[in-house]
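So you can see what is in the structure, the chains are spelled out below.
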Amino acid sequence: MTYKTILVHVDESERSNVRIKFAADIAKSEDAHLIGTAVTGVSRFIYQDGNISASDPNLTIHLNFLRERAEKAVANFNREVETTGISSHESMIANDEAGGGIGLQARYSDLVIIGQTNHDEPSPSVLPDFPEYIVMNSGRPVLIIPYAGDFNTIAKRPLISWDASREATRAVTDALPLLKKADVVQVAIFNPKSTPDAHGEQPGADIALYLARHGVKVEVSVHKTSTDIGNALLSLAHDLDSDMIIMGGYGHSRFREMIMGGVTKTILESMTVPVFMSH
């Protein structure tokens, strides 16, 4: 698997340039086409249903404001990308809220890059459950960039949270293009005795062999913890100086209500390094 189309969500937030930088770095490394998409924040279904009246001056002012924000975001994307030397890129504006607009375009991309929700910087075009929605509904791997912190590298020292689940398997497979270029990949297994049938007699041996066959340099560690696994994972990432966490995204959706598993919820709320998730 390779990444040939990478989609990054751009907006006027302070962290948009950080997302653009990482997206450009990965696109350049993979010789991929990079798409920077901004959204207006108005559901496409309103346009389709004809429920927007051009005779309402207040609504027109608000729609123009949202459109101008999106135009500024893509203009900034174009300026930033022009300096990177990427051979293939484009920008676009989606007349939709972030979940619908990015989620739809994600289905024609190999990797989606978005930002963690920052409740101190609310956006008129992005709902608070945006990361959860994209992980659960896009059908694509999602790289989520924290709203705080400085990151000089990405996927040079990744940490895989491995529980032998379908979601974790999907995440590892989706991340292979990054894992193959890593200096070393750490695989962490927490409380393997709680699911002995999944891990076998030697927890981590099978996933290590699988990755090694792909040319990945891998190290496995097994941990027993009585605390929340999400926080234990973040603590381990700090101790190992990991620059990315790779894990399955767990939960299900009832339209806009995202019901996430405990570890997924903890990581999405408290991440300290970029997180690569697949569902």
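Notes on the structure follow. From a predicted model like this one, the values you see are computed outputs, not experimental measurements.

1. Quick word on empty space enclosed by the protein
Under the counting rule described, the total for this entry stands at one cavity of 30 Å³ or more. What the largest cavity holds in volume is close to 70 Å³. In terms of lining residues, the largest cavity is bounded by Val10, Asp11, Glu12, Ala38, Val39, Thr40, Leu66, Arg69, Ala70, Ala73, Pro124 and Ser125. Only β2 (33-39) and α3 (57-82) provide two or more residues apiece to the lining of the largest cavity. No other element matches α3, which puts four residues into the lining of the largest cavity. The residue inventory of the lining of the largest cavity, partitioned by class, reads seven nonpolar, two polar and three charged.

2. So, the pattern of salt bridges
All chains considered together, the criterion is met by nine salt bridges. Here Arg67 ties to Glu71 by a salt bridge, and the two come within 3.6 Å at their closest N and O atoms. Here Glu71 and Arg67 lie together in helix α3, a separation of four residues that amounts to about one turn. Of the residues examined, Arg67 reaches a relative accessible area of 32% and is grouped as partly exposed. Arg170 is paired through a salt bridge with Asp174; the nearest N and O atoms lie 3.0 Å apart. Remark: Asp174 and Arg170 occur in helix α6 (residues 166-174); sequence separation between them is four residues, near one turn of the helix.

3. Points about the layout of surface pockets
Its boundaries defined by the atoms lining it, the largest pocket holds a volume of some 370 Å³. Lining the largest pocket are 22 residues, and of these Gln116, Asn118, Glu121, Ser123 and Val126 sit closest to its centre. Of the residues belonging to the lining of the largest pocket, the class tally is eight nonpolar, eight polar and six charged.

4. Some words on the nonpolar core
The biggest cluster of nonpolar side chains holds 45 residues, and the ones touching the most others in it are Leu34 and Leu179. Per-element tally for this core: the top contributor is helix α1 (residues 16-30), with six residues. Discounting chain neighbours no more than four positions away, the residues touching Leu34 are Ile6, Val8, Ala23, Ala24, Ala27, Phe77, Val81, Ile86, Ser88, His89 and Glu90. Judged by nonpolar contacts, the second largest core, of 33 residues, contains Val135, Met136, Leu159 and Ala237.

5. Looking at helix α5 (residues 130-137)
Note that an α-helix has 3.6 residues per turn; residues three or four places apart therefore point the same way. Burial analysis of α5 places seven of its eight residues in the buried class, which makes it a mostly covered element. Along α5, the residues classified as buried are Phe130, Pro131, Glu132, Tyr133, Ile134, Val135 and Met136. Gly139, located one to two residues past α5, shows a positive phi value of around 75°.

Cut-off values and rules
- Residues numbered from 1 in each chain as written.
- Predicted model: local features only at pLDDT ≥ 70, side-chain atom pairs only at ≥ 80, totals over all residues.
- Heavy atoms only, no water.
- 1 Å grid on protein atoms, 1.4 Å probe; cavity = no way out; pocket = protein on both sides within 12 Å on 5 of 7 lines; lining within 4 Å.
- Points joined across faces, edges and corners; volume = space filled by probe spheres on them.
- Helix = DSSP H or I, 4+ residues; strand = E, 2+ residues; numbered from the N terminus.
- Nonpolar A, V, L, I, M, F, W, Y, C, P; charged D, E, K, R; others polar.
- Salt bridge = Lys/Arg side-chain N within 4 Å of Asp/Glu carboxyl O.
- Buried < 20%, exposed > 50% of the residue type's maximum accessible area, 1.4 Å probe, protein only.
- Core = buried A, V, L, I, M, F, W, Y, C linked by side-chain atoms within 4.5 Å.
- Contact = heavy atoms within 4.5 Å.

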